[in-house]
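Take a look at the letters that make up each chain.
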Amino acid sequence: MTIRALGYMVIGSDRLSEWEGFATGLLGMQRVDRGAGMRAFRMDDRAQRLLVSREAAPATIGWEVADAAALDALAARLEAAGTKVSRGSRALAGERQVTDLILFQDPQGTPLEVFHGGLRADTAFTPGRPISGFLTGPLGMGHAVLHVADADALMPFYRDLLGFGVSDWSRKPYPLYFFHVNGRHHSFAMVGSGQTGLHHFMVELGALDDVGQGHDIARTEEGRLAYGLGRHTNDHVTSFYARTPSDFFVEYGWGGQIIDPATWQPHETFDGPTLWGHERFNLPEEDRARMRAIAMDAAARGVRVPNPRPAPFATGCAWADAVIRAE
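Quick caveat: nothing in here was measured; it's all calculated off a predicted structure.

Novice: Which parts of the structure should I look at to understand the overall build of the protein?
Specialist: Tallying secondary structure elements over the protein gives seven helices and 18 strands in all. Relative to a compact globule of 327 residues, whose C-alpha radius of gyration would be 20 Å, the protein shows 19 Å and is just as compact. Taken over the C-alpha atoms alone, the protein extends approximately 55 × 40 × 40 Å along its principal axes. Within the span of the protein, comprising 327 residues, buried residues form 55% of the whole. Counting every atom, the protein has about 13500 Å² of accessible surface; 52% of that belongs to carbon and sulfur.

What follows is the structure in structure tokens.
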């Protein structure tokens, strides 16, 4: 695969102070200085993973490739397929803390960036609140999920042109497609909701207690908790969803399934997105009841997630491998 990880997210917002409180006080990220009109945050040894800027589009997804040759090859493939590609300026590369990048859009207009050479910080990561740390390394920042008007129409772009591997899909209660670019079960997904825009991005923690304590923090803020604590059926993540200052969500999770992309078989799933929990506080009661009924059906059939999760291959990151072996 050319694209190998979700590298960063860029959010356009003028609610910089609210984002700072959310990213550090709830998520546990570390704020770093990047100049006026923006807030940048670290999650690991990278110089930044999340950038919030008054000048940016509402949500931009930054994908990582190995080197300059891979970046040029992808740019050429995109242009040959009719996708307009722009080369990022030196100033933009500096803002993104990368060596070089290209910019383009998917067919529904989602801003995408692909880069190589994510810069490393010269100091250790210091979390904004006490957490064990984030599971990143070769698995990337986490995953990003888009609302899409027509998931089937976008499939050729992400699967065939960008080279994302299909992990699994479902048709009910709405079309859902999940894609991997490394050992994380999915780094990207599409929700066929008929809408457009970012549904959520996900970050994975090193300990379940990090998630539980984050859940307690989110419950103290009116309107912050969008989905209650629960576990997903396909990637096995235990998580909750918090509403951001930009009104999309961040999934805050632990225990995601690690796959071997070389042997993984794409398949359709039929048990719904949630094994238990994930009460949708953001939805009207009728829709909440429908999602509860799907989870109750899974419970009645005794659907379970294998535990402990298998570790079919090493991630290449000593810290991530230690987390996987400990579970």
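After that view of the structure, there is still more to cover.
Novice: Honestly, empty space enclosed by the protein in this entry has me stumped. Any pointers?
Specialist: In this approach, a probe sized like a water molecule rolls over the atoms, and the result shows the empty space that is left. For the structure shown, the criterion picks out four cavities of 30 Å³ or more. Space inside the largest cavity adds up to approximately 70 Å³. Within the residue set of the lining of the largest cavity, elements represented by two or more residues are strand S18 (274-277) and helix H6 (285-300). Broken down by element, the lining of the largest cavity gets its largest block of residues, five residues, from H6.

Novice: Sorry if this is basic, but what is going on with the sheet that holds strand S4 (residues 50-53) here?
Specialist: Whenever strands of a sheet pair, they do so through backbone hydrogen bonds, lying parallel or antiparallel. What the eight strands build is an open sheet, ordered S2-S3-S4-S1-S5-S8-S7-S6; its pairing is mixed. Unpaired on one side and paired on the other, strand S2 (30-32) and strand S6 (86-87) mark the two borders of the sheet. Bridge count between strand S7 (residues 100-105) and strand S8 (residues 111-116): six bridges; the pairing is antiparallel. Bridge pairing links Ile-102 to Val-114 in S8. Running over the sheet, helix H1 (residues 16-26) touches strand S1 (5-12), S2, strand S3 (38-42) and S4 and is turned about 10° from S3.

Novice: Where do I start with the sheet that holds strand S16 (residues 249-254) in this structure?
Specialist: Across the sheet, which stays open at both edges, the ten strands sit in the order S17-S10-S11-S12-S9-S13-S16-S15-S14-S18 with mixed pairing between neighbours. A single partner strand is all that each edge strand has here, and the edge strands are strand S17 (267-268) and S18. Relative to strand S12 (residues 188-191), strand S9 (residues 143-147) is paired through four bridges, and the arrangement is parallel. Residue pairing for S12: His-147 is matched across the bridge by Val-191. Sheet contacts for helix H5 (residues 208-219): strand S14 (225-232), strand S15 (238-243) and S16; angle to S15, the most-contacted strand, approximately 30°.

Reading the values: the criteria
Residues numbered from 1 in each chain as written. Predicted model: local features only at pLDDT ≥ 70, side-chain atom pairs only at ≥ 80, totals over all residues. Heavy atoms only, no water. Helix = DSSP H or I, 4+ residues; strand = E, 2+ residues; numbered from the N terminus. Rg over C-alpha atoms; globule rule 2.2 N^0.38 Å. Buried < 20%, exposed > 50% of the residue type's maximum accessible area, 1.4 Å probe, protein only. Areas by Shrake-Rupley, 256 points an atom, 1.4 Å probe, with all protein chains shown as cover. 1 Å grid on protein atoms, 1.4 Å probe; cavity = no way out; pocket = protein on both sides within 12 Å on 5 of 7 lines; lining within 4 Å. Points joined across faces, edges and corners; volume = space filled by probe spheres on them. Pairing = 2+ DSSP bridges. Contact = heavy atoms within 4.5 Å. Axes fitted to C-alpha atoms, helices over the stretch in contact; angles between N-to-C directions.

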